[in-house]
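Coordinate analysis (summary)
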Amino acid sequence: MAKRLPFSVAKAEAHLAAADPVLAELIAEAGPYKPRPGDGAAYDWLVRTILFQQLAGSAARAIQRKWYALYSDDGARTPTAQEILETSDEEFRESGVSRQKAGYLRDLAAHVADDRLDFDALHAMPDDEVTRALTAVHGVGEWSAHMFLLFYMGRPDVMPVGDYGVRHGMQIAYGLDKLPTPAQAREIGARWAPYRSVGSWYMWRATERVVEKARDRRA
């Protein structure tokens, strides 16, 4: 069963529709906000995030299967922090994990092994503290931290201005001549608070609408 969101979607959408007529239209067309907090362990989520960075989904999944198979017969579980720290450079390389990502995974494992990163403690932290805790790990940048807050933790007021899709959605939805800068995106999203996560999700939907309309025209 999916986890419950820590906020009311109906309340969030009512606020956004009242605050921003552009969002009111998107909400009416795209329907309710769908993301729910992530299942499974936060550690597993971050390992996968690092592994999948800058890779197409199919390629990343193939590497994941081969790498996970080092640690269990069925390759179905995420390696523990200690197992990652004990994995050799050669084993990483033969699994398809790049040297850079191996370094990132080892740094995450080291933070977990020595309790510098306490996933249980994150739930009591405000968003900015969660971001600082996560970005202390090499390979986990602000974008990854924002995605963790929004999609894994289900936080309501994340504004991922570093995400191209959100800013492209703003360009489309607001009829802007060019892609807004992160500062401009932050200004556009200011009226969405305290539900900027929900507003950002609808910017992704704005991009999808353009793709879907183009596909329909070609059909």
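See the structure shown above.
The structure displayed is predicted, hence computed values, not measured ones. (Residues numbered from 1 in each chain as written. Predicted model: local features only at pLDDT ≥ 70, side-chain atom pairs only at ≥ 80, totals over all residues. Heavy atoms only, no water.)

Focus: the pattern of salt bridges
For side chains of opposite charge, pairing can occur when their charged atoms come near one another. This model, assessed by the stated rule, comprises nine salt bridges. Between Glu29 and Arg209 there is a salt bridge, and its shortest N-O distance comes to 2.5 Å. One end of the pair, Glu29, is in helix α2 (residues 21-30); the other, Arg209, is in helix α13 (residues 196-218), and 180 residues separate them in sequence. Taking the relative accessible area as the measure of exposure, Glu29 reaches 47% and is therefore partly exposed. For Arg209, a relative accessible area of 18% gives the class buried. In this structure, Asp128 engages Arg132 in a salt bridge whose closest nitrogen and oxygen atoms are separated by 3.9 Å. (Salt bridge = Lys/Arg side-chain N within 4 Å of Asp/Glu carboxyl O. Helix = DSSP H or I, 4+ residues; strand = E, 2+ residues; numbered from the N terminus. Buried < 20%, exposed > 50% of the residue type's maximum accessible area, 1.4 Å probe, protein only.)

Considerations on the layout of surface pockets
Of the pockets and cavities examined, the largest pocket occupies roughly 350 Å³. Listing elements by their share of the lining of the largest pocket, those giving two or more residues are α3 (42-52), α4 (57-68) and α10 (142-152). Along the lines of polarity and charge, the residues of the lining of the largest pocket split into eight nonpolar, four polar and three charged. Taken as a whole, the second largest pocket spans an internal volume of roughly 180 Å³. In terms of lining, the second largest pocket is formed by Asp127, Asp128, Thr131, Glu142, His146, Leu149, Asp157, Val158, Met159, Val161, Arg186 and Arg196. Within the residue set of the lining of the second largest pocket, elements represented by two or more residues are α9 (127-135) and α10. When grouped by side-chain class, the residues that make up the lining of the second largest pocket number four nonpolar, two polar and six charged. (1 Å grid on protein atoms, 1.4 Å probe; cavity = no way out; pocket = protein on both sides within 12 Å on 5 of 7 lines; lining within 4 Å. Points joined across faces, edges and corners; volume = space filled by probe spheres on them. Nonpolar A, V, L, I, M, F, W, Y, C, P; charged D, E, K, R; others polar.)

A closer look at the environment of Lys34
Structurally, Lys34 is set in the loop between α2 and α3. Taking the C-alpha atoms as reference points, Lys34 and Val198, 164 residues apart in sequence, are found 9.3 Å from one another.

Digging into the nonpolar core
Where a protein is soluble and globular, its nonpolar side chains tend to be buried together. Counting residues in each nonpolar core, the largest one holds 59 residues, and the members touching the most others are Tyr33, Trp67, Leu105, Leu117, Leu122, Leu134 and Phe148. Those residues in contact with Leu134 that lie beyond four places of it in its chain are Leu46, Leu117, Leu122, Val140, Ala145 and Phe148. (Core = buried A, V, L, I, M, F, W, Y, C linked by side-chain atoms within 4.5 Å. Contact = heavy atoms within 4.5 Å.)

So, the packing of aromatic side chains
The full count for this structure, using the stated rule, is 11 aromatic pairs. In this structure an aromatic cluster arises from ring pairing among Phe7, Tyr33, Tyr195, Trp201 and Tyr202. Note that Arg48 overlies the ring of Phe52, its terminal NZ or CZ placed 3.9 Å from the centroid. Positioned above the aromatic ring of Trp201 is the side chain of Arg205, whose terminal nitrogen or guanidinium carbon lies 4.4 Å from the ring centre. (Phe/Tyr/Trp six-rings, centres within 6.5 Å; stacked < 30°, edge-to-face > 60°. Lys NZ or Arg CZ within 6 Å of the ring centre and 35° of its normal.)

A closer look at the environment of Ile50
Counting through the fold element by element, Ile50 comes out in helix α3. Placed 27 residues apart in sequence, Ile50 and Arg77 show a C-alpha to C-alpha distance of 16 Å.

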